[in-house]
Amino acid sequence: MQKITVTLTNPQGLHARPASLLTKVVKDFKSELYFYKNGVDTKKYQPKSILSVMSVGAAKGDQLTFVADGGDEKEALEAIKTFVESGCGE
């Protein structure tokens, strides 16, 4: 199991378009994935579900911690990190 924490930098946060793109980034990874916002790990979200991602309500400056567990966990987290650091496709 590995985890990373990234900070949202895109001005609009994780609204519908970047949420959709995030689900596309992670959909083919076999690892179990989840994430939480601003260190509150009691509420976990599923990055493979657009409804779950949109329910986060993440805004610019929020910290998202992604956790992956499985054979391709390192690759999954690297893809997520690249996606978020590049502005979530915006």
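Residues numbered from 1 in each chain as written. Predicted model: local features only at pLDDT ≥ 70, side-chain atom pairs only at ≥ 80, totals over all residues. Heavy atoms only, no water.

A. The arrangement of unusual backbone geometry in detail. Not every positive phi belongs to a glycine, and Asn38 is a case in point at roughly 50°. Here Asn38 shows up in the loop between β2 (32-37) and α2 (50-54). Classification of Asn38 by relative accessible area gives partly exposed; the value is 39%. Even without being glycine, Cys88 reaches a positive phi, approximately 60°. Tracing the backbone through its elements, the reader meets Cys88 in the segment after α3 (73-85). (Helix = DSSP H or I, 4+ residues; strand = E, 2+ residues; numbered from the N terminus. Buried < 20%, exposed > 50% of the residue type's maximum accessible area, 1.4 Å probe, protein only.)

B. Summary view of the packing of aromatic side chains. In the structure shown here, the tally under the stated rule is two aromatic pairs. Between Phe35 and Tyr45, the ring centres sit 5.6 Å apart and the planes meet at 40°, which makes this aromatic pair tilted. With Phe35 in strand β2 and Tyr45 in the loop between β2 and α2, this residue pair connects regions lying 10 residues apart in the sequence. Across the pair, exposure class does not vary: Phe35 and Tyr45 are buried alike. Here the aromatic rings of Phe35 and Phe66 are separated by 4.8 Å at their centres, their planes lie at 20°, and the arrangement is stacked. Taken together, the positions of Phe35 in strand β2 and Phe66 in strand β3 (residues 63-69) put the pair 31 residues apart, joining distant regions of the chain. As far as burial versus exposure is concerned, Phe35 and Phe66 are alike and both buried. Among the aromatic side chains, those forming a connected cluster through ring pairs are Phe35, Tyr45 and Phe66. (Phe/Tyr/Trp six-rings, centres within 6.5 Å; stacked < 30°, edge-to-face > 60°.)

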